[in-house]
Amino acid sequence: MSQTTNPIDPAAINEEEIFRALLVPHRSLGRFGFLVLMGTLGVSSFMTGLFFLSIGAWPVFGFFGLDVVIVYVAFRMNYAAAKAHEEVSISRVALHIRQVAPSGRAKQHEFNPYWTRFSIARHAEIGITSMRVEGQGKAVIIGSFLNPDDRESFASAFQTALATAKGR
């Protein structure tokens, strides 16, 4: 009985991902919460507007509808901005960062992990305020929309993966 062994391809091992992360902005109010909020705001504004209408202050009725429209537009803009995200992946031969704007336009950044430096800025009370990947004459700020706790966990995992890619 003969055994055949598959030779291990060093190039395939080097290109294998060590780390992958999808960074997305946190939105605490989901679709159902938004509908409840807008319904509650709409009904309360309408009822209050009716009260003012009944006492003869009819222009106030229109302003109560205007505030609901302004809140609605603000939330829609916020949800549109939430479409932004960043994809980060590290292998032994490449560090890829793909930044997608709310419009859908994407920017690709590629670094050699061996020559890449990851730097963070900290504030004594807040924690990490910014994260930056630098190398080969370029610099990219990543995770700017993350909250401080998410920045801490991402920075820790990213530093470990980058050190692994460098063989440390």
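Scroll up to find the structure.
What comes next is a walk through the structure.

So, the overall build of the protein chain
A count of helical and extended segments in the protein chain gives 4 helices and 7 strands. Along the chain direction, N to C, the helices and strands of the protein chain fall in the order α-β-α-α-β-β-β-β-β-β-α. For the protein chain, whose C-alpha radius of gyration is 25 Å, the value lies well above the compact-globule estimate of 15 Å for 168 residues. Each principal axis of the C-alpha distribution contributes one length, and for the protein chain these read about 95 × 50 × 30 Å. Within the protein chain, buried positions represent 27% of all 168 residues.

Things to note about unusual backbone geometry
Of note in the backbone geometry, Gln136 takes a positive phi value of approximately 55° without being a glycine. Along the polypeptide, Gln136 turns up in the loop between β6 (127-135) and β7 (138-142).

A few points about the sheet that holds β7
In space, the 3 strands of this open sheet follow the order β5-β6-β7, with antiparallel pairing throughout. The outermost strands of the open sheet, each flanked by one partner alone, are β5 (117-123) and β7. This sheet shows a mean twist of 25° between the axes of neighbouring strands, independent of strand direction. Relative to β7, β6 is paired through 5 bridges, and the arrangement is antiparallel.

Overview of the sheet that holds strand β2 (residues 85-91)
Two pairing modes exist for strands in a sheet, parallel and antiparallel, and in both the strands are linked by backbone hydrogen bonds. Read across the sheet, 4 strands follow the order β1-β2-β3-β4 without closing on themselves; strand pairing throughout is antiparallel. In this open sheet, the two edge strands, each paired with only one partner strand, are β1 (17-23) and β4 (106-111). Averaged over all pairs of adjacent strands, the angle between strand axes in this sheet comes to 10°, irrespective of strand direction. With 6 bridges connecting them, β1 and β2 associate as antiparallel partners. The residue bridging Leu23 from the neighbouring strand is Glu86, located in β2. Each of β1, β2 and β3 (95-100) is contacted by helix α4 (residues 148-166), which is oriented at about 155° to β1, the strand it contacts most.

Criteria and thresholds
Residues numbered from 1 in each chain as written. Predicted model: local features only at pLDDT ≥ 70, side-chain atom pairs only at ≥ 80, totals over all residues. Heavy atoms only, no water. Helix = DSSP H or I, 4+ residues; strand = E, 2+ residues; numbered from the N terminus. Rg over C-alpha atoms; globule rule 2.2 N^0.38 Å. Buried < 20%, exposed > 50% of the residue type's maximum accessible area, 1.4 Å probe, protein only. Pairing = 2+ DSSP bridges. Axes fitted to C-alpha atoms, helices over the stretch in contact; angles between N-to-C directions. Contact = heavy atoms within 4.5 Å.

By themselves, these are just geometric observations and shouldn't be taken as functional.
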